[in-house]
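The chain contents come next:
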Amino acid sequence: QDIFQRLHASQNPSNCEEARYLIYHDDRSTSGFGWNAFILFSAFLQAFLEERVLVEAAAVTDRDHHRWHQRWCSDPPFSMKCFFRSWSRCERSDIISKVIDG
């Protein structure tokens, strides 16, 4: 199977409620874009190896934009999604929001 198909399948499970997640929150206010890209790639690889779906905290819940505000984007969803399309259909799942909100 092609690696891109495997990556896409790993990020888009058939049932978002039964999936396991790795939630990424970019809180490094002094790091540049290149370093953040490296960290994000590492998180994506870790999620793939652990059979988890990688989601950005800011993309999951933008209701409290002060809590999850990302410095790369000042408009909703306050995440890298201002520049890149979503890599998982599960990002907007209510179940993830409940996990993040505790």
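Engineer: Help me understand unusual backbone geometry in this model?
Structural biologist: The phi torsion of most residues other than glycine is negative, and most of the peptide bonds are trans. Located in the positive-phi region is Glu51, a residue other than glycine, with phi close to 55 degrees. Along the chain, the position of Glu51 falls in the loop between helix H2 (33–49) and strand S2 (53–56). Its relative accessible area of 67% is what places Glu51 among the exposed residues.

Engineer: Can you help me understand the nonpolar core in this one?
Structural biologist: Nonpolar side chains in soluble globular proteins tend to end up buried together. Counting residues in hydrophobic clusters, the biggest one holds seven residues: Tyr24, Leu40, Ala43, Phe44, Ala47, Leu54 and Trp87. Apart from the residues lying within four places of it in its own chain, the contact partners of Ala43 are Leu22, Tyr24 and Leu54. Counting six residues, the second largest nonpolar core, distinct from the first, contains Cys16, Tyr21, Val53 and Cys90.

Engineer: Just to check I follow, could you spell out the pairing of S2 for this structure?
Structural biologist: Both faces of the sheet carry side chains from a regular strand, because those side chains alternate between them. Side-chain alternation along S2 places Val53 and Val55 on one buried face and Leu54 and Glu56 on a second face that is also buried. Relative to S2, strand S1 (residues 21–24) runs parallel, the two sharing four bridges. From the neighbouring strand, Leu22 faces S2, where its bridge partner is Leu54.

Engineer: Any chance you could explain the packing of helix H1 (residues 3–11) against H2 here in plain terms?
Structural biologist: In helix packing, the relevant descriptors are the interaxial angle and the interaxial distance, both defined with respect to the helix axes. Viewed as axis vectors pointing N to C, H1 and H2 meet at an angle of 80 degrees, and their least axial separation amounts to 10 Å. The pairing of H1 with H2 is recorded here as roughly perpendicular in orientation. In this structure, H1 contributes Arg6, Leu7, Ser10 and Gln11 to the contact, and H2 contributes Phe44, Ala47 and Phe48. Within the contact of H1 with H2, the residues separate by chemical class into four nonpolar, two polar and one charged.

Engineer: Explanation requested: the state of the cysteines in the structure shown.
Structural biologist: One covalent bond between the sulfur atoms of two cysteine residues makes up a disulfide. Scanning all chains against the criterion turns up one disulfide. Between the sulfur atoms of Cys16 and its disulfide partner Cys90 the distance amounts to 1.9 Å. In this structure, the disulfide formed by Cys16 and Cys90 twists by about -80 degrees around the S-S bond and is classed as left-handed. With Cys16 in the loop between H1 and S1 and Cys90 in the loop between helix H4 (65–68) and helix H5 (94–101), this residue pair connects regions lying 74 residues apart in the sequence. Note on accessibility: Cys16 and Cys90 belong to one class, buried.

How each quantity is defined
Residues numbered from 1 in each chain as written. Predicted model: local features only at pLDDT ≥ 70, side-chain atom pairs only at ≥ 80, totals over all residues. Heavy atoms only, no water. Helix = DSSP H or I, 4+ residues; strand = E, 2+ residues; numbered from the N terminus. Buried < 20%, exposed > 50% of the residue type's maximum accessible area, 1.4 Å probe, protein only. Core = buried A, V, L, I, M, F, W, Y, C linked by side-chain atoms within 4.5 Å. Contact = heavy atoms within 4.5 Å. Pairing = 2+ DSSP bridges. Axes fitted to C-alpha atoms, helices over the stretch in contact; angles between N-to-C directions. Parallel < 35°, antiparallel > 145°, perpendicular 65-115°, else oblique. Nonpolar A, V, L, I, M, F, W, Y, C, P; charged D, E, K, R; others polar. Disulfide = S-S within 2.5 Å.

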